[in-house]
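So the chains spell out like this:
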Amino acid sequence: MEEAAELATLARRLRAYRELLQGAYAFFSFGMVIAGAFLVAAASATLLSLRGPALALLYVASIGGSAAAASIVMGRVFGDGVLSGRDAAIGAGVFASFYALIYALSITSPHLASLAPVAWFPGLGLYFVVLYALELRRGDPGAAVMRNTGLAILGLSPPVLIASFRSPGAAAALALGLVLLIYHCVGTYLMYRANRMFE
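All residue numbers here refer to positions counted from 1 along the written sequence of the relevant chain. Totals for whole chains, interfaces and linings use all residues, but because this is a predicted model, local features are given only for residues with pLDDT of at least 70 and pairs of side-chain atoms are given and counted only at 80 or more. Heavy atoms from the whole structure form the basis of all side-chain values; hydrogens and water molecules are not counted.

Comments concerning the environment of Gly150
- Summarising the element assignment, Gly150 is placed in helix H5 (residues 143-166).
- Three exposure classes are used, based on accessible area relative to the maximum for each residue type with a 1.4 Å probe and protein chains only: buried under 20%, partly exposed in between, and exposed over 50%. Given the relative accessible area of 0%, Gly150 is considered buried.
- Spatially, the C-alpha atom of Gly150 lies 9.9 Å from that of Ile182, the residues being 32 residues apart in sequence.
- Contacts: residue pairs with any heavy atoms within 4.5 Å of one another. Setting aside chain neighbours within four positions, we find Gly150 in contact with Gly125, Phe128 and Val129. Note on conventions: DSSP H or I runs of at least 4 residues are helices, E runs of at least 2 residues are strands, and numbering of each starts at the N terminus.

As structure tokens, this is what we get:
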């Protein structure tokens, strides 16, 4: 009986270890995907001289679409998945809707035009908050990580938005750098928790 109990405990720890490593990989992967999508979109916009709605659509499709696609791909790689495809699609829809709203405001008011290059940043924060609500409903114990990530991004959004009025390009670079740093911290924290499982 004791051996059976020990095996059951080991199995639970191994499952928790696997889930923590999956979460860490997800954040490292998402960071690379979003950074890559942003840089490709920025370069494409410059090369193609995109402006107005075409520019907004490019950023929404590149960042939101790549994040949703990465979620679905990782779900298939991991089997049960870090996120369900449905949750990823809903989160991406919230992101795109928020970006569209901010962009619409920016083109209707010249004073808000500088917000367009950084509107995706608070939208990404909302993306994680929405995912937190969806994963919490499913009983995912790792949902708090998504909540904290979303709140960290939303908390840093005011400085980024304010910076956009001074230099939209610098503010966009600031937003990207902050996202990469946040993702790195979250991924490292999850790996730390995984390594502590068997100490």
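Concerning the nonpolar core
- Put simply, a nonpolar core is a bunch of buried Ala, Val, Leu, Ile, Met, Phe, Trp, Tyr and Cys residues held in one set by side-chain atoms that sit within 4.5 Å of each other. Formed by 44 residues in total, the largest nonpolar core has its most connected members in Trp120, Phe121, Leu124, Phe128 and Tyr183.
- At the level of elements, helix H1 (2-48), helix H2 (52-78), helix H3 (85-108), helix H4 (120-137), H5 and helix H6 (168-195) are the ones that each hand at least two residues to this core.
- Among the elements that take part in this core, H6 stands out by supplying 11 residues, more than any other.
- Excluding its chain neighbours within four sequence positions, the residues that come into contact with Phe121 are Ile153, Leu156, Ser157, Val160, Ala175, Leu178 and Val179.

What about H5?
- For a helix, the expected span equals 1.5 Å multiplied by the number of residues minus one. In this model, H5 (24 residues) spans 36 Å end to end at C-alpha, consistent with the 34 Å of a helix rising 1.5 Å per residue.
- Along H5, the sharpest change in direction is near 35° and occurs at Ser157; proline Pro158 comes one to four residues later.
- Within the span of H5, buried status applies to Ala143, Val145, Met146, Thr149, Gly150, Ile153, Ser157, Val160 and Ser164. The term bend refers to the angle at a residue between two fitted axes, each drawn through seven residues, those ending there and those starting there.

Let's talk about the packing of H5 against H6
- Lines fitted to C-alpha atoms define the axes here, with helix axes fitted over just the stretch in contact, and angles between the N-to-C directions of these axes take values from 0 to 180 degrees. Between H5 and H6, the least distance of the axes is 9 Å, while the angle of their chain directions is 160°. Classified by the angle their axes make, H5 and H6 are roughly antiparallel. Judged by the twist between their axes, the crossing of H5 over H6 is right-handed. Each of Val145, Thr149, Ala152, Ile153, Leu156, Val160, Ala163, Ser164 and Arg166 in H5 lies in contact with H6, whose residues at this interface are Pro168, Ala171, Leu174, Ala175, Leu178, Ile182, Tyr183, Val186 and Leu190.
- Its residues assigned to classes, the contact of H5 with H6 shows 15 nonpolar, 2 polar and 1 charged. Roughly parallel means an angle under 35 degrees; roughly antiparallel, over 145; roughly perpendicular, 65 to 115; everything else is oblique. Note: crossing handedness is left-handed where the near helix turns anticlockwise from the far helix by less than a right angle, and right-handed where it turns clockwise. Lys, Arg, Asp and Glu make up the charged group, whereas Ala, Val, Leu, Ile, Met, Phe, Trp, Tyr, Cys and Pro make up the nonpolar group; the residues left over, Gly among them, are polar.

Comments concerning the side chain of Ser164
- Tracing the sequence through the fold places Ser164 in helix H5.
- Its relative accessible area of 0% is what places Ser164 among the buried residues.
- In this structure, Ser164 is in contact with Ser114, Leu115, Val118 and Ala171, ignoring residues within four places of it in sequence.

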